[in-house]
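Residues per chain are reported as follows:
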Amino acid sequence: MQDIVSASVRKVFEAKVFAKMRPILLPQGQFFGKIPRKNTLVRDTMGLPVVLGRLGSLEVRLATTRKEIRRAQRLRFKVFYSEMSATPDSTTRLIRRDKDAFDRVCDHLLVIDHEFVGGPLRRKKPKVVGTYRLLRQETADVNFGFYTSSEFDVDSLIARHPGQRFLELGRSCVLPEYRTKKTVELLWQGIWAYVLHHRVDVMFGCASLEGTSPDSMRQELSFMHHFAPPEEAWQASALPRRYVSMNCMAKEGVDARRALVSLPPLIKAYLRLGARIGDGAVIDHQFGTTDVLIILRVADIDPKYINYYGTDAKRFAA
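(A) Spotlight on the overall build of the chain. Within the chain, the regular secondary structure consists of ten helices and 13 strands. Relative to its full complement of 318 residues, the chain shows a buried share of 49%. In the chain, 76% of the contacts between residues at least 6 apart in sequence involve partners at least 24 apart. Summing over all exposed atoms, the chain offers an accessible surface of approximately 16,200 Å²; the carbon and sulfur share of this is 54%.

(B) Here's a closer look at the environment of Asp300. Examined against the element boundaries, Asp300 turns out to sit in the loop between β13 (289-297) and α10 (303-309). With near-sequence residues (within four places) excluded, Asp300 lies in contact with Leu273 and Gly274.

(C) Quick peek at helix α6 (residues 181-197). The end-to-end C-alpha separation of α6 is 24 Å, in line with the 24 Å expected for 17 residues at 1.5 Å each. Of all the 17 residues making up α6, twelve are buried; the element is thus mostly covered by neighbouring parts of the structure. All of the buried residues in α6 are Thr183, Glu185, Leu186, Leu187, Trp188, Gln189, Gly190, Ile191, Trp192, Ala193, Tyr194 and Val195. Directly beyond the C-terminal end of α6, a positive phi value near 50° is found at Arg199.

(D) View of the packing of aromatic side chains. A full pass over the atoms with the stated rule returns 14 aromatic pairs. Seen from their ring centres, Trp188 and Tyr270 are 5.9 Å apart, and the 85° between their planes marks the pair as edge-to-face. One end of the pair, Trp188, is in helix α6; the other, Tyr270, is in helix α9 (residues 265-273), and 82 residues separate them in sequence. Across this residue pair, the class does not change: Trp188 and Tyr270 are buried. Taking NZ or CZ as reference, Lys127 lies 4.7 Å from the ring centre of Phe116, over its face. When the ring centre of Phe227 is taken as origin, the NZ or CZ atom of Lys251, which lies over that ring, is 5.1 Å away.

(E) Local environment of the pattern of salt bridges. All told, the structure shown has 14 salt bridges when counted by the stated rule. A salt bridge links Arg61 to Glu59; its shortest N-O distance comes to 3.9 Å. Judged by relative accessible area, Arg61 falls into the buried class, the value being 14%. Assessed through its relative accessible area of 5%, Glu59 is described here as buried. One salt bridge connects Arg76 with Asp103, and the closest N-O pair in it is separated by 2.9 Å. Of this pair, Arg76 sits in helix α2 (residues 66-83) while Asp103 is found in the loop between α3 (90-95) and β5 (107-113), placing the two residues 27 residues apart along the sequence. The burial state of Arg76 is the same as that of Asp103; both residues are buried. The network of salt bridges with shared partners includes Arg76, Asp98, Asp100, Asp103, Arg133 and Arg171.

(F) Here's a closer look at the side chain of Asp113. Within the secondary structure, Asp113 sits in strand β5. Comment: no salt bridge for buried Asp113; closest opposite-charge side chain is Lys182, at 7.6 Å. In terms of polar contacts, Asp113 uses its side chain to reach the side chain of Ser57, at 2.8 Å. Among residues more than four places away in sequence, those in contact with Asp113 are Ser57, Leu58, Lys125, Pro126, Lys127, Val129 and Tyr178.

(G) Layout of a positive patch on the surface. On the surface, Lys67, Arg74, Lys78 and Lys125 cluster together into a patch of positive charge. Position of Lys125 relative to the elements: it lies in the loop between β7 (123-124) and β8 (127-136).

(H) Spotlight on the nonpolar core. Among the nonpolar cores identified, the biggest contains 90 residues, and Met203, Met224 and Val292 are the most heavily contacted of them. If you tally residues by element for this core, the top one is α6, at eight residues. Beyond its immediate chain neighbours, meaning those up to four positions away, Val292 contacts Phe152, Gly205, Cys206, Ala207, Leu209, Leu221, Met224, Met246, Ile267, Ile277 and Ala281.

(I) Summary view of the pairing of strand β10 (residues 202-210). Most of β10 sits out of view: seven of its nine residues are buried. Sheet topology places strand β9 (residues 166-174) next to β10; three bridges connect them, and they run parallel. Across the sheet, the residue bridging to Phe166 is Val202, located in β10. At this point the chain moves from β9, through α6, to the parallel β10, and the crossover so formed is right-handed. As defined by bridge partners, β10 adjoins β13 across nine bridges and the pair is classed as antiparallel. Note on β13: the bridge partner recorded for Ser208 is Asp291.

(J) Structural view of unusual backbone geometry. In this structure, Arg199 takes a positive phi of about 50° despite not being glycine. Inspection of the secondary structure assignment puts Arg199 in the loop between α6 and β10. The phi dihedral of Ala313 is positive, around 55°, even though this residue is not glycine. Looking at the secondary structure, you find Ala313 in the segment after α10. Accessibility expressed as a relative area gives 6% for Ala313, which makes it buried.

Rules of the game
- Residues numbered from 1 in each chain as written.
- Predicted model: local features only at pLDDT ≥ 70, side-chain atom pairs only at ≥ 80, totals over all residues.
- Heavy atoms only, no water.
- Helix = DSSP H or I, 4+ residues; strand = E, 2+ residues; numbered from the N terminus.
- Buried < 20%, exposed > 50% of the residue type's maximum accessible area, 1.4 Å probe, protein only.
- Contact = heavy atoms within 4.5 Å.
- Areas by Shrake-Rupley, 256 points an atom, 1.4 Å probe, with all protein chains shown as cover.
- Expected span 1.5 Å × (residues − 1).
- Phe/Tyr/Trp six-rings, centres within 6.5 Å; stacked < 30°, edge-to-face > 60°.
- Lys NZ or Arg CZ within 6 Å of the ring centre and 35° of its normal.
- Salt bridge = Lys/Arg side-chain N within 4 Å of Asp/Glu carboxyl O.
- Lys, Arg positive; Asp, Glu negative; His and termini not counted.
- Polar contact = N/O pair within 3.5 Å; in protein donor to acceptor, adjacent residues only side chain to side chain.
- Patch = residues over 30% accessible without salt bridge, like charges linked within 9 Å, V, L, I, M, F, W, Y side chains within 5 Å.
- Charge placed at Lys NZ, Arg CZ, Asp CG, Glu CD.
- Core = buried A, V, L, I, M, F, W, Y, C linked by side-chain atoms within 4.5 Å.
- Pairing = 2+ DSSP bridges.
- Right-handed = clockwise from strand over helix to strand, strands pointing away.

And the structure:
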């Protein structure tokens, strides 16, 4: 009888353990499950080098362990919640990390400073100072879609271009003291190497203006609406239930130079690269932002940037 009871208990225990370790499906043989050791490898880079570039003490790389992903989440918390005006729920406030379900299936690009001096002993130790979250279409298709789909109708955009490979960019942030040309160049070095390796055709994602009052950003929204729309075949709109018009002013009333200068640096960078802006904005009350849709076809990237980073992404290669 004791053996029967023990066997029953063991089966229940194993069922619970395996339920917790249930894997998330990823394409091309990748695997991600509940792994107890935070330094265990959880990302297969699929032939792409882990380290994608170096510039001085800074390095851009892909996160490959749970520990590295958690460090990216802590950085996001510092920027979005401590510095900016995002409102944390009780769990986020407790763990002090910006975390959601998409983190488990995305790739995470990190910029690390190997010369950072900190801690009570003032020792040098690597510090994550910048991050980007990357989600390829084939991964989104076998999991739970794109994060951007909760705000914009990107599904119809993708359906209209079945031969194109899409990549979602998101959760971009950099510590204030590292918002320099070097850090930005390394982030784009990493993205460009990733795009080339995975033969991506189109990048897209949400970009934010701080604040939730469209009336206070009429110039900026109107500028993007009138001066940066995509051609019709590449248009995508905010979801009807969340749609906020960006057509706040007539085109002739927009001070284009002033509006461009006042846009957030990330949106300006996208526009310089050749990005277009979708139709309509979305208010994100949790993060305290007004979001717009960025659509950047690789074919539309300004050639001077491709020449700068290299057609083989070797500009800052490690």
